[in-house]
Amino acid sequence: MDLFEQLKCETESCMLCNLSKTRTHVVFGEGNRNAKIMCIGEGPGYYEDQLGRPFVGKSGELLDKILGVCGFNRLEHVFIANIVKCRPPENRDPLPEERTLCIPYLYKQIEIIDPKIIVLLGATALKGLIDPEAKITKLRGEWLDWNNRLVMPTFHPSALLRNEQLKRPVWEDFKKVVAKYRELVNPDHPSAYC
Ligand code: URA
């Protein structure tokens, strides 16, 4: 078993917090384990918990669409993970203690996958990885540094589903991701227009 598989097994048998008592499945994440881009969301919702896969509900559909417009797909270009790996009951925000106990799994995922670009989807991802006081409305669209990795915070797809006006800024943010991907990973990747 390699490090990635070991970590997946360890995560899937985790009982560190109370979310383990109510979950159906641990949602470790999915995508290309050698991806140069990692997308990080908040935590599993109902459908993710049922299926054990990240972003499979309505916001997942939208995320796939956004990635598609950028010429990316989850099998080839990205690995998708979450701040917490188990669904908080009633889709409430993960508690600070749950985040603290779960975040080491994400740190290890980042270390093993070794992405060049991390896209933080929404406030919980931004607060969880960068700073609990950070504001998504202030920091979105700006490249941040996290342990020598480039981080682009943007709005969560579920925020876009609630507010159409966020589509334009998210598109602007993903255009920056595509440009950086072309610069750092593959100059032949199609550039994002419009
Ligand atoms: N929202 C998230 O933040 N993560 C998922 O996996 C699904 C919905």
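For every chain, the first residue of the written sequence is number 1, and numbering continues from 1 onward in sequence order. Since the coordinates come from a predicted model, pLDDT governs what is reported: local features require at least 70, and pairs of side-chain atoms require 80 or more to be given and counted, while whole-chain, interface and lining totals use all residues. No hydrogens and no water enter the side-chain calculation; it runs on all heavy atoms of the structure.

Undergrad: Outline the sheet that holds strand 6 (residues 149-154), listing residues and values.
TA: A pair of strands counts as paired when DSSP detects no fewer than two bridges linking them. Here a strand is any run of E in DSSP of at least two residues, a helix any run of H or I of at least four, and the numbering for each starts at the N terminus. Spatially, 1-3-2-4-6-5 is the arrangement adopted by the six strands of the open sheet, whose pairing is mixed. Each end of this open sheet is capped by a strand with a single partner; those strands are strand 1 (30-31) and strand 5 (144-146). As paired elements, strand 2 (residues 37-41) and strand 3 (residues 78-82) share five bridges and run parallel to each other. Note that in strand 3 the partner of Cys39 across the bridge is Ile80. It only takes one pair of heavy atoms within 4.5 Å for two residues to be counted as in contact. Axes here mean lines fitted to C-alpha atoms, for a helix over just the part in contact, with angles spanning 0 to 180 degrees between N-to-C directions. Sheet strands in contact with helix 5 (residues 96-113) are strand 2, strand 3, strand 4 (117-121), strand 5 and strand 6, and its direction is about 170 degrees off that of strand 2.

Undergrad: Go over the pairing of strand 2 with me, naming the residues and quoting the values.
TA: On any regular strand, side chains alternate: one points to one face of the sheet, the next to the other face. Type-normalised accessible area, obtained with a 1.4 Å probe on protein chains alone, sets the label of each residue: buried when under 20%, exposed when over 50%, and partly exposed for intermediate values. Within strand 2, five of the five residues are buried, which leaves the element mostly enclosed by the surrounding structure. Neither face of strand 2 is left uncovered, since the one carrying Ile37, Cys39 and Gly41 and the one carrying Met38 and Ile40 both have all their residues buried.

Undergrad: An account of the site of the ligand is requested, with residue identities and associated values reported.
TA: Around the ligand, a shell composed of Gly41, Glu42, Gly43, Glu48, Pro54, Phe55, Ser59, Asn82 and His156 is seen. Here Glu42 contributes a backbone N or O atom positioned 2.7 Å from an oxygen atom of the ligand. Polar contact criterion, stated in full: a pair of N or O atoms within 3.5 Å, where within protein one must be able to donate a hydrogen and the other to accept it, and residues adjacent in sequence count only if both atoms are side-chain atoms. Take Asn82: an N or O atom from its side chain is 2.8 Å from a nitrogen atom of the ligand. Distances are taken per atom, and a residue is near a molecule or strand as soon as one of its heavy atoms is within 4 Å of it.

Undergrad: Describe in detail the packing of aromatic side chains, supporting the description with residues and values.
TA: Two aromatic rings from Phe, Tyr or Trp, using only the six-membered ring of Trp, form a pair when their centres are within 6.5 Å; if the ring planes differ by under 30 degrees the pair is stacked, by over 60 it is edge-to-face, and anything between is tilted. Throughout the structure, instances matching the rule amount to six aromatic pairs. Seen in terms of ring centroids, Phe4 and Phe79 are 5.8 Å apart; in terms of plane orientation they differ by 90 degrees. Their pairing is edge-to-face. Linking Phe4 in helix 1 (residues 3-12) with Phe79 in strand 3, this pair joins segments that are 75 residues apart in sequence. There is no split in this pair, since Phe4 and Phe79 are both buried. Among the aromatic side chains, those forming a connected cluster through ring pairs are Phe4, Phe28 and Phe79.

Undergrad: Give me the lowdown on the nonpolar core, citing residues and values where you can.
TA: Core analysis: the largest hydrophobic core is formed by 53 residues, its most contacted members being Ile37, Leu106 and Ile118. Residues contacting Ile118, with those up to four places away along its chain left out, are Met38, Ile40, Ile110, Leu129, Trp146, Arg149, Leu150, Val151 and Met152. Here, nonpolar core refers to any group of buried Ala, Val, Leu, Ile, Met, Phe, Trp, Tyr and Cys residues whose side-chain atoms link them within 4.5 Å.

Undergrad: Please provide a residue-by-residue account of the environment of Val69, values included.
TA: Turning to its location among the elements, Val69 is positioned in helix 4 (residues 58-69). Sequence separation between Val69 and Leu101 is 32 residues; the distance between their C-alpha atoms is 35 Å.

Undergrad: Which residues make up helix 9 (residues 167-184), and what values do they have?
TA: Residues spaced three or four apart along an α-helix face the same direction, because each turn holds 3.6 residues. To estimate the expected span of a helix, subtract one from its residue number and multiply by 1.5 Å. For helix 9, which comprises 18 residues, the first-to-last C-alpha distance of 26 Å matches the rise-based estimate of 26 Å (1.5 Å per residue) to within 8%. Among the residues of helix 9, Pro169, Val170, Trp171, Asp173, Phe174, Lys175, Val177, Val178, Lys180 and Tyr181 are the ones counted as buried. Its buried side turned inward, helix 9 meets strand 2, helix 4, strand 4, strand 6 and helix 8 (157-162).

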